[in-house]
Amino acid sequence: MRASFDKLWLLPFGILTASALVAVGIVVFGPSFVGSSSAEVIQRAPSEPTEAVAVCSGALANDYSCYQKRYQDMVRGSGVEAAFAELKDEYMKNEFVRANCHQLTHAIGHAAADLYGDIPTTYAKGDDLCTAGYYHGATEALVVKIGADNLLDEANTLCSTLREHQEYFFYYYDCAHGLGHGFMGVLGNELFDSLEACDTLTDGWEKDPCYAGVFMQNMMAEDDPSHPSKYLKAVQPLYPCTDVQARYKTACYRIQTSYALRTRGNDFGKVFELCGEAEEDFRRACYQGLGGYASAQSIQWNTTGVAQNGATSKLCKLGENYEARSNCVAGAAKQFILHYHNDVQAKELCKSFDVDLRAMCLRTVEEYYKSFQS
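Computed from a predicted model, the values in this text were never measured in an experiment.

## Quick word on the state of the cysteines
Then comes step 1: This structure, assessed with the given rule, holds 8 disulfides.
Then comes step 2: The disulfide partner of cysteine 159 is cysteine 175, and the S-S distance across this bridge is 2.1 Å. Disulfide cysteine 159 to cysteine 175: torsion about the S-S bond roughly -90 degrees, handedness left-handed. Of this pair, cysteine 159 sits in the loop between helix 7 (151-158) and helix 8 (160-163) while cysteine 175 sits in helix 9 (residues 169-186), and the two are 16 residues apart along the sequence.
Then comes step 3: Shown here is the disulfide that connects cysteine 316 with cysteine 328, its sulfur atoms set 2.1 Å apart. Here the S-S torsion is close to -75 degrees, and the disulfide linking cysteine 316 with cysteine 328 is therefore left-handed. Of this pair, cysteine 316 sits in helix 15 (residues 305-316) while cysteine 328 sits in helix 16 (residues 322-340), and the two are 12 residues apart along the sequence.
Then comes step 4: Taking the relative accessible area as the measure of exposure, cysteine 328 reaches 0% and is therefore buried.

## A few points about helix 15
Then comes step 1: Helix length check: helix 15, at 12 residues, gives a terminal C-alpha distance of 16 Å against a target of 16 Å (1.5 Å per residue), a fit within 8%.
Then comes step 2: The complete set of buried residues in helix 15 reads Gln308, Asn309, Thr312, Ser313, Leu315 and Cys316. Burial along helix 15 is one-sided: seen end-on, the buried residues are contained in an arc of 160 degrees. Among the exposed residues of helix 15, those oriented more than 90 degrees off its buried face are Val306 and Lys314.

## Describing unusual backbone geometry
Then comes step 1: The amide bond that connects tyrosine 239 to the next residue, proline 240, takes the cis arrangement and shows omega of 15 degrees.
Then comes step 2: Inspection of the secondary structure puts proline 240 in the loop between helix 11 (207-220) and helix 12 (246-263).
Then comes step 3: Positive phi, normally seen in glycine, also occurs at asparagine 189, with a value near 60 degrees.
Then comes step 4: Residue placement: asparagine 189 occurs in the loop between helix 9 and helix 10 (191-199).
Then comes step 5: The backbone of asparagine 266 sits at a positive phi, close to 60 degrees, despite the residue not being glycine.
Then comes step 6: Within the secondary structure layout, asparagine 266 lies in the loop between helix 12 and helix 13 (268-276).

## Details of the nonpolar core
Then comes step 1: Formed by 106 residues in total, the largest nonpolar core has its most connected members in Leu87, Ile108, Phe183 and Phe215.
Then comes step 2: Counting residues per element, this core draws most heavily on helix 6 (residues 129-146), at 10 residues.
Then comes step 3: Apart from residues lying up to four places away in sequence, leucine 87 is in contact with Tyr71, Val97, Cys101, Leu104, Thr105, Ile108 and Leu129.

## Description of the side chain of lysine 334
Then comes step 1: Mapped onto the elements, lysine 334 comes out in helix 16.
Then comes step 2: With relative accessibility at 10%, the residue lysine 334 sits in the buried group.
Then comes step 3: Here the side chain of lysine 334 touches glutamine 288 through a polar contact of 3.3 Å, side chain to side chain.

## Description of the confidence of the model for the chain
Do not read the predicted coordinates in detail wherever pLDDT is low.
Then comes step 1: The predicted model of the chain has a mean per-residue pLDDT of 83, with 82% of residues at 70 or higher.
Then comes step 2: When pLDDT is averaged over each element of the chain, helix 13 comes out on top at 97 and helix 8 at the bottom at 79.
Then comes step 3: Per-residue pLDDT stays below 50 along residues 1-50; that stretch engages in 169 contacts with residues further than four places along the chain or on separate chains.

## Side note on the pattern of salt bridges
Then comes step 1: This structure, assessed with the given rule, holds 12 salt bridges.
Then comes step 2: A salt bridge links aspartate 89 to lysine 93; the nearest nitrogen and oxygen atoms lie 3.0 Å apart. Placement of the pair is aspartate 89 and lysine 93 together in helix 2 (residues 80-93), with a separation of 4 residues, close to one helical turn.
Then comes step 3: Glutamate 279 is the salt-bridge partner of lysine 249, the closest N and O atoms lying 3.0 Å from each other. Separated by 30 residues along the polypeptide, lysine 249 in helix 12 and glutamate 279 in the loop between helix 13 and helix 14 (283-301) bring together distant segments of the chain.
Then comes step 4: Relative accessible area serves as the criterion here: at 30%, glutamate 279 is assigned to the partly exposed category.
Then comes step 5: Shared partners join several salt bridges into a network, and the residues in it are Lys69, Asp73 and Arg76.

## Digging into the packing of aromatic side chains
Here a ring pair, both rings aromatic, is described through the centre-centre distance and the interplanar angle of the planes.
Then comes step 1: Under the criterion given, the structure shown has 10 aromatic pairs.
Then comes step 2: Ring geometry for tyrosine 211 against tyrosine 248: centres 4.7 Å apart, planes inclined by 85 degrees, an arrangement best described as edge-to-face. Of this pair, tyrosine 211 sits in helix 11 while tyrosine 248 sits in helix 12, and the two are 37 residues apart along the sequence. Residues tyrosine 211 and tyrosine 248 agree in their burial class; the two are buried.
Then comes step 3: When the centroid spacing of 6.0 Å and the interplanar angle of 35 degrees are considered together, the rings of phenylalanine 272 and tyrosine 287 count as tilted. With phenylalanine 272 in helix 13 and tyrosine 287 in helix 14, the pair connects residues that are 15 residues apart, well separated along the chain.
Then comes step 4: Judged by its relative accessible area of 0%, phenylalanine 272 falls in the buried class.
Then comes step 5: Chaining the aromatic ring pairs together yields one cluster made of Phe84, Tyr123, Tyr134 and Tyr135.

The rules we used
Along each chain, numbering runs from 1 in the same order as the chain's sequence is written. It should be noted that, the model being predicted, local features are given only for residues of pLDDT at least 70 and side-chain atom pairs only at 80 or more, the latter also being counted only at that level, while totals for whole chains, interfaces and linings use all residues. Remark: hydrogens and water are excluded; side-chain values derive from all non-hydrogen atoms of the structure. For this text, the term disulfide refers to a pair of cysteine sulfurs within 2.5 Å. Counting from the N terminus, the helices are DSSP H or I runs at least four residues long and the strands are E runs at least two residues long. Summary of the burial criterion: residues with accessible area below 20% of their type's maximum are buried, those above 50% are exposed, and those between are partly exposed, where the area comes from a 1.4 Å probe applied to protein chains only. Expected span of a helix, by definition, is 1.5 Å for each gap between consecutive residues, and there is one gap fewer than residues. This arc corresponds to the set of directions leading from the helix axis out to the C-beta atoms. By convention a nonpolar core is built from buried Ala, Val, Leu, Ile, Met, Phe, Trp, Tyr and Cys residues, the set being connected through side-chain atoms within 4.5 Å. Every residue pair with non-hydrogen atoms within 4.5 Å of one another is taken to be in contact. Counted as a polar contact is a pair of N or O atoms within 3.5 Å, where, for protein atoms, one must be capable of donating a hydrogen and the other of accepting one, and residues adjacent in sequence contribute only when both atoms are in side chains. Across the chain, each position has a pLDDT score giving the predictor's confidence in that residue, from 0 to 100. Throughout this description, the term salt bridge denotes a Lys or Arg side-chain nitrogen within 4 Å of a carboxyl oxygen of Asp or Glu. Here the aromatic set is Phe, Tyr and Trp, taking the six-membered ring for Trp, and pairing holds for ring centres within 6.5 Å; pairs whose planes are under 30 degrees apart are stacked, those over 60 apart are edge-to-face, and all others are tilted.

Following this line, the structure appears as structure tokens:
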């Protein structure tokens, strides 16, 4: 039976400004991918570099396009592993790279998909660094290759190998999530059309992660002048969640809190107020999304578990009532599970609260972590 866990908290990315960084997971698992044997796919070696790898220093030290080109050049010239080795090194010492790590792993995935041409081979080269952006980007690139004319006929086949092997459930989620990114790419960032494309997926489980990919890509467009979004409004920071159909709203509100934080100067108190004014049935999703970003930022800025828990607790306690605080804590605990791939840090977070919040938090951790074991 498929696990029913919700990985929307695994999707933080450098959508906030550098002064409001969100989390990037650095737990690395190299998948031994079922279905990628030489009998099934032809492995292509990286090509020899045709030009020097981009150097992002001086005036280009904070230029995302330069880093994007640098890592894609490295994939083409030296391979995926070399690109990740370089990115991991820069992550430890370069604040700009840390802030944009998820997007940069997207870029590595794009280049790898261009090189290898299919999901099994490309995923076999992958790395979970920075919340698995590599897999999202790889799927996105392959969807774009399919093109709009064949999109609905072929998109259902992209994740089929993963669908058949439940031990690769994380990667299956990442593939379905990447479809949402890819639909946005093929359909010119038309959010409503892309959500409808997710609805055509024949495996119903894939729809929710696909929706999340659409909303995430919509916010990533904020930092890409070449692909601007028509569906972000600073004066209405919870739009488009207010206008999409009910089946899309939970995914939207959880992810949209990132953009709301940006528009409110990373002031969690102000975004708690925004969530409090959200549609009644979806306030919970908004608060939980905010909790996910509370723990995300705490991970980014603090190296010890004690400090991370303290910073997260302080942010969630800004909630104006129990509904706000409890859902923030639940979202934060889930993010810790996703970041560390265990429940240790999340349980320690729970212990830092008074009795009522502690009990709720521990129940959330137990139920959520168990869903990974299904």
